[in-house]
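Residues per chain are reported as follows:
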Amino acid sequence: MKAIEVAKWFYENNSQVKYNSKEGNLVVQKLCYYAQAMYLAVYGEALFEDKILAWKNGPVIKDVYKKYRYSFFSLKNSKTEITNKAQEILKVINSVYGYKTADELVESTHSEEPWKQYKNVAGDKNNNPEITKKNLQDYYKNLKIIYEANKDNDFENEKLEVISNCNFLYNKSNIQDIKKYKESLKKFIKSQNIKNKSFNVVLQDNGELAIYD
């Protein structure tokens with residue numbers, strides 16, 4: 001499989017990826033990256049054949065980067081051909097990482113060894129080393145545990161709401177209309193003096209919101 005097929009799946013299933021922007025490109029790159037790592041951790045084989053390179057802003061799949069930036073219509077106007085086995089991994093990645101902001105995903109990959117080992121050369125456009133599949137499989141073994149813990153999530157009801165450049169993940173079976181709480185969430189953002197962060201939101205039995213980072 002080619003990585004662009006995985007990118008198309010995230011385009012169809014992640015609202016942050018649906019807009020041709022720098023942030024959208026960063027998000028789809030990191031989601032493809034973690035999908036490759038989780039698939040290797042769970043099945044011991046690669047999800048897609050493309051190389052992943054260490055760029056300044058983290059791991060990048062060159063073909064996905066180019067098509068997202070320069071021919072975005074190719075994502076919008078074509079169907080994915082993803083196996084059920086692959087979709088199980090992609091759904092978990094989308095649930096665990098897909099609501100994170102672009103800044104958070106960049107920070108996350110920058111703190112982890114597969115990219116971090118190349119941080120001194122990653123900024124050189126003429127020398128972007130490959131983050132090998134072996135690197136990923138050796139480092140991200142714990143993603144098998146994360147997969148097992150999340151594979152039965154209620155994916156269909158998970159929704160993302162962006163408020164004041166912060167992302168709020170909630171479940172429609174718990175919060176039917178997140179817009180009712182929009183002003184409360186804005187006050188929360190302002191009181192905490194935060195930006196470009198992501199949170200989980202749950203409506204408690206007492207009718208109050210619980211916000212988790």
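Now for a description of the structure that goes with this document. Just so you know, these numbers come straight off a predicted model, no measurement behind them.

Some details on the pattern of salt bridges
Line of reasoning, step 1. Under the counting rule described, the total for this entry stands at ten salt bridges.
Line of reasoning, step 2. Between D50 and K2 there is a salt bridge whose closest N-O contact spans 3.9 Å. Pair noted here: D50 is in the loop between helix 2 (22–43) and strand 1 (53–55) and K2 is in the segment before helix 1 (3–13), with a separation of 48 residues, a long-range link.
Line of reasoning, step 3. On the accessibility criterion, D50 (10% relative accessible area) is buried.
Line of reasoning, step 4. Residues E161 and K179 are paired through a salt bridge, measuring 3.4 Å at the closest nitrogen-oxygen approach. Of this pair, E161 sits in strand 3 (residues 158–163) while K179 sits in the loop between strand 4 (166–171) and helix 10 (182–192), and the two are 18 residues apart along the sequence.
Line of reasoning, step 5. Residue classification places E161 among the buried residues on the basis of a relative accessible area of 13%.

Concerning unusual backbone geometry
Line of reasoning, step 1. With phi around 65 degrees, N165 is a residue other than glycine that occupies positive phi space.
Line of reasoning, step 2. Positive phi outside glycine occurs at N196, with the angle close to 50 degrees.
Line of reasoning, step 3. You can see N196 is positioned in the loop between helix 10 and strand 5 (198–203).
Line of reasoning, step 4. A residue is classified by how much of its surface remains accessible, and N196, at 28% relative accessible area, is partly exposed.

Quick notes on the rules
All chains use their own residue numbering, which begins from 1 and follows the written sequence. The model is predicted, so local features are restricted to residues of pLDDT at least 70 and side-chain atom pairs to those at 80 or more, both for listing and for counting; the totals for chains, interfaces and linings are taken over all residues. Computation of side-chain values: all heavy atoms of the structure, hydrogens and water removed. Between Lys or Arg on one side and Asp or Glu on the other, a salt bridge is scored when a side-chain nitrogen of the former is within 4 Å of a carboxyl oxygen of the latter. Here a helix means four or more residues in a row that DSSP labels H or I, a strand means two or more in a row labelled E, and each is numbered from the N terminus. Type-normalised accessible area, obtained with a 1.4 Å probe on protein chains alone, sets the label of each residue: buried when under 20%, exposed when over 50%, and partly exposed for intermediate values.

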